[in-house]
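Summary of the model geometry
Listed below, chain by chain, are the residues.
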Amino acid sequence: MLTNQTAALFAQKHNVCVVGAGPVGLVVALELARLGQAVTLLESGVMQVDQAAQSLSDAIVVDARRHTDMSLAIQRRFGGTSNLWGAGCVPLDPIDFEPRPIAGDARWPLPYDEFAAYLPDACRYANCGEGFSQPVAGLTAADARFTADRLIRYADPPSFRKAYAASVAASPHIAAFLGVTVTGFAFAENGAVAGLDVQARDGTTGTVKARVFVLACGGVETTRLLLAAQTEAAARFGGEDGALGRYYMGHLSGVIADLRLDHGGLDKGLDFFRGAGGAYARRRITAGAALQRTHGLSNVAFWPIMPPMRDPGHRDPILSLAYLALALPPVGRCLVSEALRRINVGDGGDKLAHLGNVVAHAPKVAGFVPRFLYGRYLASRRLPGLHLRNAARRYALQYHAEHLPSRASRIRLANERDATGLRKAVLDLRFAEADADPIVRTHEHLADWLARTGTGELIWRGPAEERHARVLDLAGDGVHQIGAARMAANARQGVVDRDCRVFGCGNLFLAGSVVFPTSGQANPTLTALALGVRQARLIAAEAATHEAAA
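Residues numbered from 1 in each chain as written. Predicted model: local features only at pLDDT ≥ 70, side-chain atom pairs only at ≥ 80, totals over all residues. Heavy atoms only, no water.

1. Quick look at the environment of Ala-541
- In this fold, Ala-541 is placed in helix H17 (residues 525-549).
- Of the residues examined, Ala-541 reaches a relative accessible area of 42% and is grouped as partly exposed.
- Each C-alpha atom of the pair Ala-541 and Leu-35 lies 9.1 Å from the other, and the pair is 506 residues apart in sequence. (Helix = DSSP H or I, 4+ residues; strand = E, 2+ residues; numbered from the N terminus. Buried < 20%, exposed > 50% of the residue type's maximum accessible area, 1.4 Å probe, protein only.)

2. A word on the pattern of salt bridges
- Considering all chains together, one arrives at 32 salt bridges under this definition.
- We note a salt bridge from Asp-499 to Arg-534, for which the minimum N-O separation is 3.1 Å. Placement of the pair is Asp-499 in the loop between helix H16 (464-474) and strand S19 (508-510) and Arg-534 in helix H17, with a sequence separation of 35 residues. Neither Asp-499 nor Arg-534 differs from the other in exposure class; each is buried.
- In this structure, a network of salt bridges that share partners links the residues Glu-31, Arg-34, Asp-121, Arg-124 and Arg-537. (Salt bridge = Lys/Arg side-chain N within 4 Å of Asp/Glu carboxyl O.)

3. Let's talk about the sheet that holds strand S17 (residues 423-428)
- As summarised here, the arrangement of the 3 strands in space is S4-S17-S16, forming an open sheet in which the pairing is mixed. Edge positions in the open sheet fall to strand S4 (60-61) and strand S16 (410-417), since each of these has one partner strand only.
- Judged from the 5 bridges that link them, S16 and S17 form a sheet pairing that is antiparallel. Within S17, the position partnered with Arg-417 by the bridge is Arg-423.
- The strands that helix H7 (residues 219-230) touches are S16 and S17; relative to S16, the one it contacts most, it runs at about 65 degrees. (Pairing = 2+ DSSP bridges. Contact = heavy atoms within 4.5 Å. Axes fitted to C-alpha atoms, helices over the stretch in contact; angles between N-to-C directions.)

4. Observations concerning the side chain of Gln-535
- With respect to the helices and strands, Gln-535 occurs in helix H17.
- Looking at Gln-535, the relative accessible area reads 2%, which means it is buried.
- In this view, Gln-535 contacts Val-28, Val-214, Asp-499, Cys-500, Phe-509, Leu-510 and Ala-511; residues no more than four positions away in its chain are not counted.

Structure follows, in structure tokens:
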């Protein structure tokens, strides 16, 4: 059931209350419902973008170079940030779950194999296909320091709103209330959550009572709610000197080198392709676990990308056509999220020069456009992106790297308040030399691997003495909101236990990448979905045990 009517919210004690109808919250709710559990789902937004709801996520960014504006990073709406994302699904790697000196005291109290058991179900909910390794035909590199067989898969449809609105509406076990914003907690004497204080769009306020609560409202918003509750009792959630709000992470990404490929199979193999089951995927070049352990490297993935489309100097008519489409905001916003549109368009370009590129190669454009439009918008499986191979087999080499945990990188509260009275978040996302150095060294190892295997060549874009500074200059995120309420073995080191249950608060669970102790090289959503499935089954099993005991 989907509704904007709030009267039923306050008239009863609910079973499981899930806060947030983004990808993770929806999966937790759907999995609980599949197991026969009654779920009350609260979503601050509605089906479409609502500026009043969206403005509640406004935050104070300490360094705008480092953190994406929240209006572009998240969306308060049914389906959450899946309405914005590129739909890339890739799990964390086994080495991410190992104790590593480079990650400091960050420890996953959950072994990789236990986590990985839930990946097939996460893939089913994302509809991205299964399996994250597929060799490139004809590539038999004996040097195992790097591999080119690791896959990123793509959810289809990307929007969980489109995928699951009908299922939620039809479910006899889910009551979804839209336009309802959580503003605080009511605690019982034993430390458990007795209820959530909420405010509806029509101004109605009240307390939602439930047996179990799951916060799945994004890394920043989940942390903000917990920090606000901590101001009322300083020792709560590990205390003011604990982990809450600390170790805030994202990823580092950018380009500091080009890649020239001597292997035609690998050139083709790094493009988008449809695998078994029809789902789209793409390979990445990744460092092996042994190399990372031996040399104390963070986790980094690489893939080739096209020249920046905003620079008409590339003389590619397809890139110029894409630029002209994205440069028109009403058109561009229909094609990609506003964040991706701005990244590609930048501060503007020479539209006449781009138009000249298109006109000069009109036959190529005429042949490309129908195929691309069909693959992107009409085919049963949506082409997730654009990659154009070239005869020189030379590309910019994109890296996507682990952001190491640091107490100095954090979320805290401002004195300024939003329209509901909740204090706004201050986002102080920090990157350090410790993040940059292993990225540069991984590039160096990759250059040697390419040369020794005869696979290709890495071509640096600047002298050695400038590389670390360039990585730090490019560092910034805010879309992947990781780690500010991390999982740990005890309340001194983290906020939740191995089951994502808040220490000292037995009926409160956190869902999403906010609980990750480390960030890895992977986009976080698929891992968060797997943990959400695991969490839902745990909650359902505990409910069954409680009912049997009663």
